[in-house]
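So you can see what is in the structure, the chains are spelled out below.
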Amino acid sequence: MSEGSQIGDALTDAINDHTLEEIVRFYSPQAVFVAPGGIAEGREQIAAYYEHMFNGFPDVRATLWRKITTGGVTMLEWTLTGTHLGPFLVPGGGTLDATGRGITVRGCSTANMDGDLIVTHQFYFDQLELFAALGVRLNADVPEA
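Conventions we followed
- Residues numbered from 1 in each chain as written.
- Predicted model: local features only at pLDDT ≥ 70, side-chain atom pairs only at ≥ 80, totals over all residues.
- Heavy atoms only, no water.
- 1 Å grid on protein atoms, 1.4 Å probe; cavity = no way out; pocket = protein on both sides within 12 Å on 5 of 7 lines; lining within 4 Å.
- Points joined across faces, edges and corners; volume = space filled by probe spheres on them.
- Helix = DSSP H or I, 4+ residues; strand = E, 2+ residues; numbered from the N terminus.
- Nonpolar A, V, L, I, M, F, W, Y, C, P; charged D, E, K, R; others polar.
- Phe/Tyr/Trp six-rings, centres within 6.5 Å; stacked < 30°, edge-to-face > 60°.
- Buried < 20%, exposed > 50% of the residue type's maximum accessible area, 1.4 Å probe, protein only.
- Lys NZ or Arg CZ within 6 Å of the ring centre and 35° of its normal.

(A) Structural context of empty space enclosed by the protein. Under the defined criterion, the tally for this structure stands at two cavities of 30 Å³ or more. In this model, the largest cavity occupies a volume close to 110 Å³. Around the largest cavity, the lining comprises 13 residues; the ones closest to its centre are Thr12, Ile15, Ala62, Trp78 and Phe123. Elements represented by at least two residues in the lining of the largest cavity include exactly helix H1 (3-17), helix H3 (42-56), strand S3 (61-70), strand S4 (73-83) and strand S8 (117-125). Its residues placed into classes, the lining of the largest cavity shows ten nonpolar, three polar and no charged. Quantified by volume, the second largest cavity comes out at close to 70 Å³.

Quick look at the structure:
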């Protein structure tokens, strides 16, 4: 098993344990984390991203389905499940109070590695799938013809 694949497993375990200190040790001090909610730079901001997720979904769990590692890049395909029991940011900068609704969100991430540390981590998931599960209605401003 490659080092990147082992780090993917260990990072998933740390996420499932909700241990921020363990999570950020997988990232280089200057790591960049890109997700639908924005960009986090450095361990402190990356920890804040995960903390926000844990506050909104205190029982969130990740299940890995596929791992591919090649040339210093690891790709992970996963499913997140959890219950919305705390505040969670929504598009436009608002906060959605706890709904008690369960979520199942499919996604993938790619991590560029430098030795045994993640230097860039891109995190992709279908936001519409997440917000529909939470009962959030997205309003599109349609330009007038």
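(B) View of the packing of aromatic side chains. Tallying each qualifying case throughout the model produces eleven aromatic pairs. Between Tyr50 and Phe54 the ring centres are 6.3 Å apart and the planes differ by 35°, which places this aromatic pair in the tilted class. A residue pair is termed a helical-turn pair when its members lie 3 or 4 positions apart in one helix, as Tyr50 and Phe54 do in helix H3 at four residues. When sorted by exposure, Tyr50 lands in the same class as Phe54, which is buried. Residues Trp78 and Phe123 carry aromatic rings whose centres are separated by 4.9 Å and whose planes lie at 25° to one another, so their mutual orientation is stacked. Linking Trp78 in strand S4 with Phe123 in strand S8, this pair joins segments that are 45 residues apart in sequence. The pair formed by Trp78 and Phe123 is uniform in burial state, with each residue classed as buried. An aromatic cluster of three or more residues is present, and its members are Tyr27, Phe33, Tyr49, Tyr50, Phe54, Trp78, Phe123 and Phe125. Lying across the ring of Phe26, Arg25 places its NZ or CZ 4.6 Å from the centre.

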